[in-house]
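Residues per chain are reported as follows:
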Amino acid sequence: MKIHLTSVFVDDQDRALRFYTDVLGFVKKHDVPLGEDRWLTVVSPEDPEGTELLLEPSGHPAVNPYKTALVQDGIPAASFAVDDVRAEFSRLRELGVHFTQEPLEMGKVTTAVLDDTCGNLIQIVHSD
């Protein structure tokens, strides 16, 4: 068994698609109209047939209180592996990305946490 699809709730699918592709570097996999919303997924360019991230609309009434609570408590909605947290932090910061946690080393793990502009905190992580 392996993870095929996971999701983050986003306030605006167009803004999310721009951020997750133009800034983070993912590529669009599926974009299927579903009424007012879309089935919109992105994947890593390094693994185009791998796990998809669904940029899911935040329309359900439970979503906004959930997202707000996570952000207030500093809890990331998702975690993405990178080869070098400090290098990715610098690259993203130059692109104007806001970080709520700068690179932090915890033993063999280094993390940083960013705001995805769509209501979520996202962790980037590397472990030796």
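Shown above is the structure to which this text applies.
Sequence positions are assigned chain by chain, starting from 1 and proceeding in written order. Where local features are concerned, this predicted model is filtered to residues with pLDDT of at least 70; where side-chain atom pairs are given and counted, the filter is 80 or more; whole-chain, interface and lining totals use all residues. Hydrogen atoms and water are omitted, and side-chain values are computed over all heavy atoms in the structure.

A. Representation of the sheet that holds strand S6 (residues 99-106) in the model. Here 4 strands make up an open sheet; going across it, the order is S5-S8-S7-S6 and the pairing mixed. The open sheet has two edge strands with one neighbour each: strand S5 (78-81) and S6. Going across the sheet, the axis of each strand differs from the next one's by a mean of 20°, ignoring polarity. One bridge is not enough; two strands pair if DSSP finds at least two bridges between them. Only DSSP runs of H or I covering at least 4 residues are called helices, and only runs of E covering at least 2 are called strands; the numbering of each starts at the N terminus. Where S5 and strand S8 (residues 121-127) come together, 4 bridges link them in parallel fashion. Within the sheet, the bridge partner assigned to Phe80 lies in S8 and is Ile124. Helix H3 (residues 85-94) rests against S6, strand S7 (109-115) and S8 of the sheet, and its axis sits at about 165° to S6. Each axis is a line fitted through C-alpha atoms, taken for helices only over the stretch in contact, and angles between the N-to-C directions span 0 to 180 degrees. In what follows, a contact means two residues having at least one pair of non-hydrogen atoms within 4.5 Å.

B. Fine view of the packing of aromatic side chains. Side-chain rings of Phe, Tyr and Trp (the six-membered ring for Trp) are treated as a pair once their centres are within 6.5 Å; stacked means planes under 30 degrees apart, edge-to-face means over 60, and tilted covers the remaining angles. Tallied over the full model, the rule gives 5 aromatic pairs. For the pair Phe19 and Tyr20, a centre-to-centre distance of 5.7 Å together with 75° between the ring planes defines the contact as edge-to-face. Neither Phe19 nor Tyr20 differs from the other in exposure class; each is buried. Judged by centre distance (5.1 Å) and plane angle (70°), the ring pair of Phe26 and Phe80 falls under edge-to-face. Linking Phe26 in the loop between helix H1 (13-23) and strand S2 (27-34) with Phe80 in strand S5, this pair joins segments that are 54 residues apart in sequence. For the residue pair Phe26 and Phe80, the accessibility class agrees, reading buried in each case. Linked through ring pairs, Phe19, Tyr20, Phe26 and Phe80 together constitute an aromatic cluster. To sort residues, take the accessible area from a 1.4 Å probe on protein chains only and compare it with the maximum for the residue type: under 20% means buried, over 50% means exposed, and anything in between is partly exposed.

From the geometry alone we can't say anything about function, so treat these as descriptive.
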